[in-house]
Each structure stands twice: as C-alpha cells, then as structure tokens.
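Examination of the molecular architecture
Listed below are the residues making up each chain.
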Amino acid sequence: MTTPSQTVGPFFGFALPYAADWELVPEGHPGAVTITGRVFDGAGEPVPDALLELWTGEGGDRGALGRGGSGASGFGRCGTAPDGSYRFRLAPPARPYAALLVFARGLLKPVWTRVYLADTPDPLLDSLDPIRRATLLAQAEGQGVYRFDVRLQGEQETVFLEF
C-alpha cells in the first residue's frame, strides 16, 4: 500500500535553511550574478513561506558556502520573505539556464522550472509560444542583476516541467 502525498509546507524554517544558503558564490566572485524575484500564488498574492532551490550544474566545492567552506557551489536554497521575495548569487551557469525547484504550501510535490538569463536558442524555449516562453526568461535589471518572478497559477503562470 502506498502512502498518500501530503502538502510540502509551510514548515521550512526548521532544519532546512542554513547560513548563506542563497550564496552559491562568495561576494566579489568574478562574473557573479544575482537573481532576485518574488513568488506569487494564483490570486497574485505573495507567498511568504515558500522555499526555492537553485542548481547551476557547476561542480565546485559542493555546499561550500553555508557549510563552512570558502569556494563556489552549484546549489543554493532560499526561503521567501514575507513579501514573497528571494535572491541567489551565483556564477553564470555553463548551460543557458539554472534549474529552479519551488516548494510551497498547497503543493503535493515541488514544481520544477528553469531560469534563463538570456533568450537563446534552446529546445525547450523554442517549443513554447512567445507568451509562455517569457515566463522562463529572467529580466536584466542592471549590471549582473536579474529578476525572475515565479507565478504558481494564473494567466501568467510560470512554465513548470514534468519529470
């Protein structure tokens, strides 16, 4: 007999966050970029208790920052603030995107998406109509700063991937 799924939150404040969890590279890392954004529910309200995990596919000193090391990591975790905001500092990914996993209240399982820092030819992006494609593209907001909002439902719902 299979145990049924349960919702994945909101309980992220206990044991999951760690110091500097959003920093995949240290401050001053050459070429570092920052991705900021907010997570919104289907009504357009911020989700203050979501947890996001970002993978860049980079090797490096896995988990080095937040766990006592000093090098770069290909993984970061960030809980949302009361206004639904989050941030990550990372080295630009070697592939055209970073993978983003979103845990939020009401979800039976986390949802997967991608954050593209540039609109480049890519099999996934090329398969989407322009409106859906735009939900995967981070918007440049300055030198090395990008904005990527996650919309869990609604007309502008972020494209989520099935694995």
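Our structure's up above, just so we're on the same page.
Residues numbered from 1 in each chain as written. Predicted model: local features only at pLDDT ≥ 70, side-chain atom pairs only at ≥ 80, totals over all residues. Heavy atoms only, no water.

Observations concerning the layout of surface pockets
Definition in use: Put plainly, a pocket is an open set of points on a 1 Å grid over the protein atoms alone with protein on both sides within 12 Å along at least five of seven lines, a cavity is a set where a 1.4 Å probe fits but cannot get out, and a lining residue has an atom within 4 Å of a point. Grid points are joined across faces, edges and corners, and a volume is the space filled by probe spheres set on the points. Classification used: nonpolar for Ala, Val, Leu, Ile, Met, Phe, Trp, Tyr, Cys and Pro, charged for Asp, Glu, Lys and Arg, polar for all others including Gly.
Estimates place the volume of the largest pocket at around 240 Å³. For the largest pocket, the full set of lining residues is Ile131, Ala134, Thr135, Leu137, Gln139, Arg147, Phe148, Asp149, Arg151, Gln156 and Thr158. Of the residues assigned to the lining of the largest pocket, the class counts are 4 nonpolar, 4 polar and 3 charged. In this structure, the second largest pocket is lined by Asp41, Gly42, Val47, Ala104, Arg105, Leu107, Val111, Leu152, Gln153 and Phe160. Split by residue class, the lining of the second largest pocket holds 6 nonpolar, 2 polar and 2 charged.

Quick notes on the packing of aromatic side chains
Formally: Between the rings of Phe, Tyr and Trp (Trp by its six-membered ring), a pair exists once the centres lie within 6.5 Å; its type follows the angle of the planes, with under 30 degrees stacked, over 60 edge-to-face, and the other angles tilted. Runs of H or I in DSSP of at least four residues are treated as helices and runs of E of at least two as strands, each being numbered from the N terminus. Here's how the labels work: a residue is buried when its accessible area is under 20% of the maximum for its type, exposed when over 50%, partly exposed in between, all with a 1.4 Å probe on protein chains only. Over a ring means this: the NZ of a Lys or the CZ of an Arg is within 6 Å of the ring centre and within 35 degrees of the ring normal.
Counted under the stated rule, the structure contains 4 aromatic pairs. Ring centres of Trp55 and Trp112 lie 5.4 Å apart, and the angle between their planes is 20°; this geometry places the pair in the stacked category. Here the residue Trp55 occupies a position in strand E2 (residues 51-60), and Trp112 occupies one in strand E6 (residues 111-116), the gap between them amounting to 57 residues. Centroid distance Tyr97 to Tyr116: 5.4 Å. Interplanar angle 50°. Geometry classified as tilted. Placement of the pair is Tyr97 in strand E5 (residues 97-103) and Tyr116 in strand E6, with a sequence separation of 19 residues. The class of Tyr97 is buried, set by a relative accessible area of 14%. Tyr116 gets classed as buried once you look at its relative accessible area, which sits at 0%. In this structure, Arg87 packs its charged tip against the face of Trp22, placed 3.8 Å from the ring centre. Just above the ring of Tyr97 sits the side chain of Arg114; from NZ or CZ to the centre is 3.9 Å.

Some words on the side chain of Arg114
Selection criterion: Counting of polar contacts relies on pairs of N or O atoms within 3.5 Å, with two restrictions inside protein: one atom must be capable of donating a hydrogen and the other of accepting it, and residues adjacent in sequence are counted only when both atoms are side-chain atoms. Any two residues whose heavy atoms approach within 4.5 Å are treated as being in contact.
Note that Arg114 resides in strand E6. With relative accessibility at 18%, the residue Arg114 sits in the buried group. Engagement of the side chain of Arg114 in a polar contact is seen with the side chain of Tyr97, the distance being 3.3 Å. When near neighbours in sequence (up to four residues on either side) are disregarded, Arg114 contacts Tyr97, Ala98, Asp122, Leu124, Leu136, Phe148 and Leu161.

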